[in-house]
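Structural overview
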Amino acid sequence: MRKKTLRRGIIAAGATATAAAAVLASTASAAPAPLHHTDGPRPTVVLVHGGFADASASWNDVIKRLRHDGYPVVAPANPLRGLPTDAPYLKSVLKSIKGPIILAGHSYGGAVITNAATDNPNIKALVYIAAFVPDEGEKLGELISKFPGSEIEAGLNPVPYSNADGTTGTDLYLRADKFRSAFAADLPERDTDIMFAAQRPFSANSFTDVTTEAAWHTIPSWGLVASDDKAIPAALERFEYQRAHARGTMEVRGASHSVMISHPDAVEKLIQDADRGTR
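What you see is a predicted model; the values in this text were computed from it and never measured.

A separate point is the overall build of the protein. Looking only at helices and strands, one finds 11 helices and 10 strands in the protein. Residues classed as buried in the protein amount to 54% of the 279 residues present. Counted over contacts in the protein with a minimum sequence separation of 6, partners at least 24 positions apart contribute 77%. Of the roughly 11,600 Å² that the protein leaves accessible, carbon and sulfur atoms contribute 53%.

Hydrogen bonds between backbone groups are what pair the strands of a sheet, and the pairing can be parallel or antiparallel. Spatial ordering of the open sheet is given by S6-S7-S8, a layout of three strands whose pairing is antiparallel. The outermost strands of the open sheet, each flanked by one partner alone, are strand S6 (156–162) and strand S8 (202–203). In terms of strand pairing, strand S7 (residues 168–174) meets S8 through two bridges, oriented antiparallel. Opposite Asp171, over in S8, you have Ser203 as the bridge partner.

With that settled, the discussion passes to the pattern of salt bridges. For the structure on display, the rule yields 10 salt bridges. Between Asp177 and Arg175 there is a salt bridge, and its shortest N-O distance comes to 3.0 Å. A salt bridge links Asp275 to Arg279; the shortest N-O distance between them is 2.8 Å. Ionic contacts of the salt-bridge type, sharing partners, join the residues Lys269, Asp273 and Arg276 into one network.

Next up on the list: the nonpolar core. In this structure, Leu47, Leu103 and Leu126 are the most contacted members of the largest nonpolar core, which totals 79 residues. Top contributing element to this core by residue count: strand S5 (residues 123–129), with six residues. When near neighbours in sequence (up to four residues on either side) are disregarded, Leu47 contacts Trp59, Val62, Ile63, Leu66, Val73, Val74, Ala75, Pro76, Ala104 and Ile271.

Criteria and cut-off values
Residues numbered from 1 in each chain as written. Predicted model: local features only at pLDDT ≥ 70, side-chain atom pairs only at ≥ 80, totals over all residues. Heavy atoms only, no water. Helix = DSSP H or I, 4+ residues; strand = E, 2+ residues; numbered from the N terminus. Buried < 20%, exposed > 50% of the residue type's maximum accessible area, 1.4 Å probe, protein only. Contact = heavy atoms within 4.5 Å. Areas by Shrake-Rupley, 256 points an atom, 1.4 Å probe, with all protein chains shown as cover. Pairing = 2+ DSSP bridges. Salt bridge = Lys/Arg side-chain N within 4 Å of Asp/Glu carboxyl O. Core = buried A, V, L, I, M, F, W, Y, C linked by side-chain atoms within 4.5 Å.

In structure tokens form, the structure reads like this:
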């Protein structure tokens, strides 16, 4: 029973630092000309992290680059309590932002933005970074089983917790001996040791919750594939982006699930491509 529960409720995100590997360019244009202020005001880029991580560990290097290039950036804390909690919370954050928005999500954060982005005309593009991209009616625990290659289940440390109303839930942590290989194999071990110690657990319900809204049906999307992802298999990422009719895709060779840490330039480039593609 425990194994069945874990199979239905796993995977996520998280990471920090630097590594090397080449970007395999995609349907998005290679080395485009820089954006200029004459193109109009920059959209606000909202960056949503996944499980086992927080906003700073996940996005610091991407934020620095975007701000240097003139983009307003917001990286809110994802509650990691499951889609019925996390998607409405993100909706409220998005409603507080004036003007156009580019919404990017990593890993489980991709499922959150998929459920949260509907009914907000300010959102011009969805950018998926090694992410889940569920359709209506899908559960992440079922979606992840479509393709082999995830090492998450073998590394889980489930921990029960009590709610104020007396009910119980299960938080998912990753074990120290599995954290790096599953999530950040292209990052230095000294960095992944810190990431492990600071990991944020997320609710196992995240993988049994049903997606109720799939914003990619009406909002243009872009997607980045991490070719050596051991959390969300690269084959699943390719399938999802093709199904969503992504306007641009990019694949980063040798990249782990923590591609936004090891290759922040590639992530920024895809976000800029999304900006250009919706002007």
